[in-house]
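This is what each chain is made of:
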Amino acid sequence: MSARAAAIAVAISVWAAAAPAAAGATVLLGGREQASVARAFATGRGDRGRAIVAILGSTVDPAWAAVRSVVPDRGGGVSPAAPAPRVQTSYYVRTGRVERPGSPPVAVRAELSRPFAVAIVYSGSGSESVAYDRTYTSACAGQGGFTDQETETVSPMTWTVRWVVDLDNVLAAVGRGSRATLVPSVSFDAAASRVNAVESVQRTLQDAGCNGNPQTLACTRTFRAGGADPAGALTLLAGGGIEAAIPLAAASAGACDPGAYTLGQSLWDAGAATALAPRLGLLGGRLPADPYAPVRVSWPSGAAASSLGFATGPCAGAGPVCTDLFAWRATVRIEPVGRG
């Protein structure tokens, strides 16, 4: 079995677990097979200057592959009135160890020319626990001081969010060749997305020196999948890779004015569960050998905010009187989408 046939066999087995089997189920190519086709595409006279959208493998005849590509706008910007770039399909066949352009058999062409989309699925779970306890000098002469105590917990914290990326519908392409930035059509799959997270915040103030009684404020926020722009929570990075945020909609109950609390947003609420999966270069032809294998991510190494150095938690500036225990584990994976 050739390397391409083995890669396709693995992809088909993953696809079969996710959807009903079908003949001619085109798959994404990755690893060396993808790189080999990309090199052949880059050296073709008619394909120079085009940007690769995706490289697909045939299951009818694994020797054949197809490159979906567009001509990017080199002007550095795209007018909203400009038409979307047309996606073109080029065909390649492996003979020995060489990829050559060719005209595929009818069944292979029919398979590789079908509309093609994939789903991006981000699933994970975790928790957060914040504790703040500070004592000040009381304004009165009695025993004790003025205490300010606050807790924040996020539990449960689970999610599965899913987007569909239409690789035949590129809305914009700017740049040149392999350095082009591509913007495909992305839709949020609300029916297949779930978020189950509850954040509880409580603050207790007491001036014991003045014989004051404790005063307690409490707020509960319940999160679900959604928000103003859930499709925008998925970013396909220009340099390769996927950045997946959790699109959230929240309902609040209790005393929830932020100005009534000492601490700021929890890391969860501030988007620190946004994952970065640089290995999943969906656009441009930089996928791992098995494009459908889940990529494991966790806090802090797999978090975009931590990797980019701008993760700010509720304890920022509070020193030793505040602790924030935040942790999550998740996977980011590409799934085939059956389309006729």
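A brief structural summary. Along each chain, residues carry numbers from 1 onward, in the same order as the chain's sequence is written. Where local features are concerned, this predicted model is filtered to residues with pLDDT of at least 70; where side-chain atom pairs are given and counted, the filter is 80 or more; whole-chain, interface and lining totals use all residues. Only heavy atoms go into the side-chain values, all of them from the structure, while hydrogens and water stay out.

### Topic: the overall build of the protein
Turning to step 1, where the next piece is worked out: Where helices and strands are cited, they refer to DSSP runs of H or I of at least four residues and of E of at least two residues respectively, numbered from the N terminus. Of the regular secondary structure elements, the protein holds four helices and 16 strands.
Turning to step 2, where the next piece is worked out: Counting only residues that meet the buried cut, the protein has 46% of its 340 residues in that class.
Turning to step 3, where the next piece is worked out: By the convention used here, residues are in contact when the closest approach between their heavy atoms is within 4.5 Å. Residue pairs at least 24 apart in sequence account for 74% of intrachain contacts in the protein once pairs closer than 6 positions are excluded.
Turning to step 4, where the next piece is worked out: Here, Shrake-Rupley sampling with a 1.4 Å probe gives the accessible areas, and only protein chains in the shown set may cover a residue. Carbon and sulfur atoms make up 53% of the accessible area of the protein, which totals about 16,100 Å². Under the scheme applied here, a residue whose accessible area is under 20% of the maximum for its type counts as buried, over 50% as exposed, and between as partly exposed, the area being computed with a 1.4 Å probe on protein chains only.

### With respect to the nonpolar core
Turning to step 1, where the next piece is worked out: Counting residues in hydrophobic clusters, the biggest one holds 60 residues, and the most contacted among them are Leu28, Tyr122, Trp159, Leu167, Trp268 and Trp328.
Turning to step 2, where the next piece is worked out: The element that contributes the greatest number of residues to this core is strand β7 (residues 146-174), accounting for nine residues.
Turning to step 3, where the next piece is worked out: Only buried residues count toward a nonpolar core, which is a set of Ala, Val, Leu, Ile, Met, Phe, Trp, Tyr and Cys residues joined through side-chain atoms within 4.5 Å. Counting residues in hydrophobic clusters, the runner-up holds 10 residues, among them Val37, Ala40, Ala65 and Tyr92.

### Here we look at the state of the cysteines
Turning to step 1, where the next piece is worked out: Criterion for a disulfide: a pair of cysteine sulfur atoms within 2.5 Å. Counted by the stated rule, this structure contains three disulfides.
Turning to step 2, where the next piece is worked out: Paired by a disulfide, Cys140 and Cys210 hold their sulfur atoms 1.8 Å apart. Torsion about the S-S bond of the Cys140 and Cys210 cystine: about 95 degrees, corresponding to right-handed handedness. Of this pair, Cys140 sits in the loop between β6 (117-136) and β7 while Cys210 sits in the loop between β9 (194-207) and β10 (215-225); the two residues are 70 residues apart in sequence, bridging distant segments of the chain.
Turning to step 3, where the next piece is worked out: Bridging Cys315 to Cys322, the disulfide has an S-S length of 2.0 Å. Across the S-S bond linking Cys315 and Cys322, the dihedral sits near -60 degrees, which makes this disulfide left-handed. For the residue pair Cys315 and Cys322, the accessibility class agrees, reading buried in each case.
Turning to step 4, where the next piece is worked out: What connects to what in the protein, once the bonded cysteines are numbered by sequence position, is 1-2, 3-4, 5-6.

### Looking at unusual backbone geometry
Turning to step 1, where the next piece is worked out: Across the junction of Ser155 and Pro156, the peptide omega takes the value 0 degrees, indicating a cis bond.
Turning to step 2, where the next piece is worked out: Structurally, the position occupied by Pro156 is in strand β7.
Turning to step 3, where the next piece is worked out: The linkage connecting Trp299 with the following residue, Pro300, adopts the cis geometry, with an omega of 5 degrees.
Turning to step 4, where the next piece is worked out: Inspection of the secondary structure puts Pro300 in the loop between β15 (295-298) and α4 (304-308).

### Here we look at the packing of aromatic side chains
Turning to step 1, where the next piece is worked out: Centres within 6.5 Å are what make two rings of Phe, Tyr or Trp a pair, Trp counting through its six-membered ring; a difference in plane orientation under 30 degrees is then read as stacked, over 60 as edge-to-face, and the rest as tilted. Inspection of every chain in the model, using the stated rule, returns seven aromatic pairs.
Turning to step 2, where the next piece is worked out: Note on Trp159 and Trp328: the rings are 6.2 Å apart at their centroids and 70 degrees apart in plane angle, and the pair reads as edge-to-face. You can see Trp159 sitting in strand β7 and its partner Trp328 sitting in strand β16 (residues 322-337), a full 169 residues away along the chain.
Turning to step 3, where the next piece is worked out: The exposure class of Trp159 is buried, given its relative accessible area of 3%.
Turning to step 4, where the next piece is worked out: Taken together, a centroid distance of 5.9 Å and an interplanar angle of 85 degrees make the contact between Phe223 and Trp268 edge-to-face.

Geometric values such as these leave the question of function open.
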